[in-house]
Amino acid sequence: MTSSPVVAALQFSSNGLFFAPFRLSSLLRLNSSRRPLAEFFGQKNISKARERHKIRVAKVYARRAEEQRLIQEEALQMLDTFPSFEVSPGLAHPLGVSKIESGINFAIFSQHASTVRLCIILPKRLNTIPDSIRDGMIELALDPQKNRTGNIWHICIKELPQGDVLYGYRIDGPQNWHEGHRFDDSIILIDPYAKLIEGRRAFGDDSNKMCRFFGTYDFNSLPFDWGENYKLPNIPEKDLVIYEMNVRAFTADETSGLDPDQRGSYRGLIEKIPHLLELGVNAVELLPVFEFDELEFQRRPNPRDHMINTWGYSTINFFAPMSRYASCGGGPISASREFKEMVKALHGAGIEVILDVVYNHTNEADDENPYTTSFRGIDNKVYYMVDLNNNAQLLNFSGCGNTFNCNHPVVMELILESLRHWVTEYHVDGFRFDLASVLCRGTDGTPINAPPLVKAIAKDSVLSRCKIIAEPWDCGGLYLVGKFPNWDRWAEWNGKYRDDIRRFIKGDAGMKGNFASRVAGSADLYRVNKRKPYHSVNFVIAHDGFTLYDLVSYNSKHNDANGEGGNDGCNDNFSWNCGIEGETSDANINALRSQQMKNFHLALMVSQGTPMMLMGDEYGHTRYGNNNSYGHDTAINNFQWGQLEAKKNDHFKFFSKMIKFRLSHSVFRNGNFIDKNEVTWLEDNWYNEESRFLAFMLHDGNGGDIYLAFNAHHFSVKTAIPSPTRNRSWYRVVDTNLKSPDDFVTEGVAGISETYNVAPYSAILLEAKQ
């Protein structure tokens, strides 16, 4: 049988502390209001013909009444066994939970709250309580006269355990919707500064889809051992090769060969570090690893209620690592430790860790279908942008129904503290900021030229060693590629690079000049003040959009599986299916697709700037034309290790060799924009809109020149090859028209004549050698 949760309340009075079991009354009323069984059955008009059945039912209800009496007795006994806490007003700082001399301190900001109650669950103590009342909770009402300093509410509890405690807050305040308030004290809210979050333990466990999330803490564990010989990689930005990846999707598939308890976890990623080394990348950019609710779409009926949020762009808390990425369902403490183990292992392999962070919105959605877990119920008017001229509706520059109020002083400090926490506690090397143009909006949503938060991140001493990368646009149309406020530190995802490279390689007219600008480092965008070419993060493919294989296999998106009628996802993909939409057995088309993928990868790796590739492109992963696959915890997103093995001798080998060739040739990794002494454009046809051929040489100053030619025509181009300098000869390293292994020969193939026939839709790379 079910019963109300047993909840005890501790409140302050003028004479001190007293114990008030006011929430226990619901359990007591349940028994006292029960009607006599005879009356109950009379109302049901049970016929004499069913008298025997009535007797059986009466026995069942009598037994349940006795069970309830026993539960009530145990509940009353609980009142004698709950700890008699010694409390004090505590400290206003630091926010969150902290261990101080007088006990465990709790502090939370809420400017507009009228009442705040701290809710505590002691899981170990409740192990002896019947399942029906296992959710027992202690509530402490904070006195605004004693437990409030400015806008911070705080309390210290002396004898609270050092760990294994769950906590949250019930907060009430003005109910004036039109003023921006959304208080609801029936909801237990997560502390924004909670360092660990407890929720469901197994990823995608739909039997627990409605679970609540609580803050927790751990003052019992010893500090993590980073090791005596541990050091940060500290890779110069000009030398980075970034691999964008999803922690879970990397090893979730059974083809990973890992034990089921390790799949999709931080430890699973550790097991696959040898693959990253074989590929040659030296930085991973992890899709969101802050705590999120992967089953948020399934909490109510809607067109997307079949999906699982596997990308994680729906943050619940900015400090806690995703607990369900711990192995073996280990929970938040294990997740914290294993995340550090992962970072330590990656650093030991010389690989940096960059986090994709989402500060532009949270999981709490819009006013129509809110999912209140934290900020909305704590102080909606502070944490989110609201339109006070339109019934205080939430502003939406993120496309997700709410926009975080990033440049409000309180919110700005929260974000800065979160970033510092990931650097000091977890040793991460940098951050990529999702929809970072939101960070450039004032509290009313208006764009501002010198946003305080963006400047503070650039100038912060703790973050000074970090790579900071902006996705310089948002869903409100604030497109800042090349114009993101940067203080000479911020790098940017170069969306113009992606579009121009795609359009030239697939053969669009009039793109040669743009292609040359992008390969040369996008000086037209970034050569200002002290910015460098590596501030352009170059990419052809990212998590959001087509995979590389799909870019050359689909002319249009195929997103029906997402449940939104194909209305989601970008329509401007600049893709080309090479003749047939989707999968095909046509050998010629498949060969052309393979050739085009190599062309894209070659262009990316010889471009000045910071290259970034997507997980799975090294073997040709397909999402079958879905360019917005955020909600599929399946092979659509999961790395297919069997396909990797099948491609090890051709596609993968080309990708790996090209990355390593870049890293071994400084001519591709200039710290400054290249000048006329460092590049020779072998062109006299710049203004011909129909020209789809580009050839140029890069000079390293020592005679080790590189010759490159890209032919996006549907016919061959016979090109003259200039004589190399200093008694050197040209060696063919790359010809994407050739089959593996001839398509990439690291040591080069001699015998290059004065001309070279560059095949349709192909590219070549020659190296001058002695």
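The rules behind these values
Residues numbered from 1 in each chain as written. Predicted model: local features only at pLDDT ≥ 70, side-chain atom pairs only at ≥ 80, totals over all residues. Heavy atoms only, no water. Pairing = 2+ DSSP bridges. Helix = DSSP H or I, 4+ residues; strand = E, 2+ residues; numbered from the N terminus. Axes fitted to C-alpha atoms, helices over the stretch in contact; angles between N-to-C directions. Phe/Tyr/Trp six-rings, centres within 6.5 Å; stacked < 30°, edge-to-face > 60°. Buried < 20%, exposed > 50% of the residue type's maximum accessible area, 1.4 Å probe, protein only. Lys NZ or Arg CZ within 6 Å of the ring centre and 35° of its normal. Salt bridge = Lys/Arg side-chain N within 4 Å of Asp/Glu carboxyl O. Core = buried A, V, L, I, M, F, W, Y, C linked by side-chain atoms within 4.5 Å.

Participant: Which parts of the structure should I look at to understand the sheet that holds strand S19 (residues 467–470)?
Facilitator: Backbone hydrogen bonds are what pair the strands of a sheet, in a parallel or an antiparallel way. As summarised here, the arrangement of the eight strands in space is S13-S14-S15-S18-S19-S20-S21-S22, forming a closed barrel in which the pairing is parallel. Strand-to-strand twist in this sheet, taken as the mean axis angle between neighbours without regard to direction, amounts to 25°. Pairing geometry for strand S13 (residues 242–245) and strand S22 (residues 610–614), over three bridges, is parallel. The partner of glutamate 244 across the bridge, within S22, is leucine 614.

Participant: Would you take a moment to explain the packing of aromatic side chains for this structure?
Facilitator: The description of an aromatic ring pair uses the distance of the two centres, along with the angle that the planes make with each other. Summed over the entire model, instances satisfying the criterion amount to 50 aromatic pairs. A ring pair is formed by tyrosine 217 and phenylalanine 219, whose centres lie 5.2 Å apart and whose planes are at 35°; its orientation type is tilted. Overall, tyrosine 217 belongs to the buried group, its relative accessible area being 4%. Phenylalanine 219 gets classed as partly exposed once you look at its relative accessible area, which sits at 28%. Judged by centre distance (6.4 Å) and plane angle (80°), the ring pair of tryptophan 311 and tyrosine 313 falls under edge-to-face. The two residues tryptophan 311 and tyrosine 313 agree in class, both being buried. When the ring centre of tryptophan 177 is taken as origin, the NZ or CZ atom of arginine 182, which lies over that ring, is 3.7 Å away. Its end group placed over the ring of phenylalanine 319, lysine 195 keeps NZ or CZ at 4.8 Å from the ring centre.

Participant: Would you take a moment to explain the pattern of salt bridges for this structure?
Facilitator: Once the charged atoms of two side chains with opposite charge are near each other, the side chains can pair. Under the criterion given, the structure shown has 38 salt bridges. Here aspartate 367 and arginine 376 are joined by a salt bridge, their closest N and O atoms 2.8 Å apart. Pair check on accessibility: aspartate 367 and arginine 376 agree, each one buried. As a salt-bridge pair, arginine 692 and glutamate 690 come within 3.3 Å of each other at their nearest N and O atoms. Here the salt bridges do not stand alone but share partners, grouping Arg200, Glu291, Asp293, Glu294, Arg299 and Arg324 into one network.

Participant: Would you take a moment to explain the sheet that holds strand S28 (residues 744–749) for this structure?
Facilitator: In space, the six strands of this open sheet follow the order S23-S24-S25-S30-S27-S28, with antiparallel pairing throughout. Sheet topology places strand S23 (679–681) and S28 at the edges, where each strand pairs with a single neighbour. Averaged over neighbouring strand pairs, the angle between their axes works out to 20° when direction is ignored. For strand S24 (residues 693–698) and strand S25 (residues 706–711), the ladder comprises six bridges, and the chain directions are antiparallel.

Participant: Honestly, the nonpolar core in this entry has me stumped. Any pointers?
Facilitator: As a rule of thumb, soluble globular proteins bury nonpolar side chains together. Judged by nonpolar contacts, the single largest core of 173 residues is most densely connected at Phe106, Tyr243, Leu355, Phe431, Phe433, Phe710 and Leu765. Here the element with the most residues in this core is helix H15 (residues 587–606); it accounts for nine residues. Of all hydrophobic cores here, the second largest spans 18 residues; its members include Leu240, Leu435, Val481 and Ala491.

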